[in-house]
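What the coordinates show
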Amino acid sequence: MGVLGIGGLFFRARDTDALSAWYREHLGIGAGCAAEDTGPIDEWSWKTQGGPVVFAPFKADTDYFPADKQFMINLRVADLPSMIATLIAADIAVETRDEWNSPEAGKFARLHDPEGNQIELWELPAA
């Protein structure tokens, strides 16, 4: 008995249709999307691959993400360099810093959605 996983992520948006379309187009996530090898899709959910999920409150004064935001979305990716190249080709600014990466935690990049929400992309370290 207990929680089996995250069932959804809900957040406010000024233009829900446009933001949903942006996430589908540029990150392949949202209703009607499915990660590789997850089977058939349905119109209501985003099917993800199993893997680690970090659930962690941060101190109120953290500088890990913008002070005016209450959350940051972190998304696991399989090939961070390819994802970065695709986003840059779509004129989406992506930031990387060597100090964010480590052999133990993996590699990271950050971008913002059209409404200013920070998104962190995370590639797990090689097994």
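For the structure, see preceding data.
So, here is what we can say about the structure in this document.

This part is about the overall build of the protein. Helix and strand counts for the protein stand at two helices and five strands. Its helices and strands in sequence order give the protein the pattern α-β-β-β-α-β-β, from N to C terminus. Taken over C-alpha atoms, the radius of gyration comes to 15 Å for the protein, in line with the 14 Å a tight globule of 127 residues would show. Projected onto the principal axes, the alpha-carbon positions of the protein cover approximately 40 × 35 × 35 Å.

On to the pairing of strand β5 (residues 118-123), then. A large share of β5 lies buried, amounting to six of its six residues. Here β5 shows two buried faces, one formed by Gln118, Glu120 and Trp122 and the other by Ile119, Leu121 and Glu123. Here strand β3 (residues 73-76) runs beside β5; their pairing, made up of four bridges, is parallel. Pairing of leucine 75 across the sheet is with leucine 121, part of β5.

The next point concerns the sheet that holds strand β4 (residues 107-112). Pairing between sheet strands relies on hydrogen bonds along the backbone, with the strands arranged either parallel or antiparallel. With mixed pairing, the three strands of this open sheet are ordered in space as β3-β5-β4. Single-partner strands in this sheet number two, and they are β3 and β4. If you compare each strand with its neighbour and ignore which way they point, the axes differ by 25° on average. Two elements, β4 and β5, share six bridges in a ladder whose sense is antiparallel. Pairing of phenylalanine 108 across the sheet is with tryptophan 122, part of β5. Across the face of the sheet, helix α1 (residues 16-27) comes into contact with β3, β4 and β5 while running at roughly 25° to β5.

Of note in the backbone geometry, aspartate 37 takes a positive phi value of approximately 60° without being a glycine. Its place among the elements puts aspartate 37 in the loop between β1 (33-34) and β2 (46-47). A relative accessible area of 78% places aspartate 37 in the exposed class.

Cut-offs applied
Residues numbered from 1 in each chain as written. Predicted model: local features only at pLDDT ≥ 70, side-chain atom pairs only at ≥ 80, totals over all residues. Heavy atoms only, no water. Helix = DSSP H or I, 4+ residues; strand = E, 2+ residues; numbered from the N terminus. Rg over C-alpha atoms; globule rule 2.2 N^0.38 Å. Buried < 20%, exposed > 50% of the residue type's maximum accessible area, 1.4 Å probe, protein only. Pairing = 2+ DSSP bridges. Axes fitted to C-alpha atoms, helices over the stretch in contact; angles between N-to-C directions. Contact = heavy atoms within 4.5 Å.

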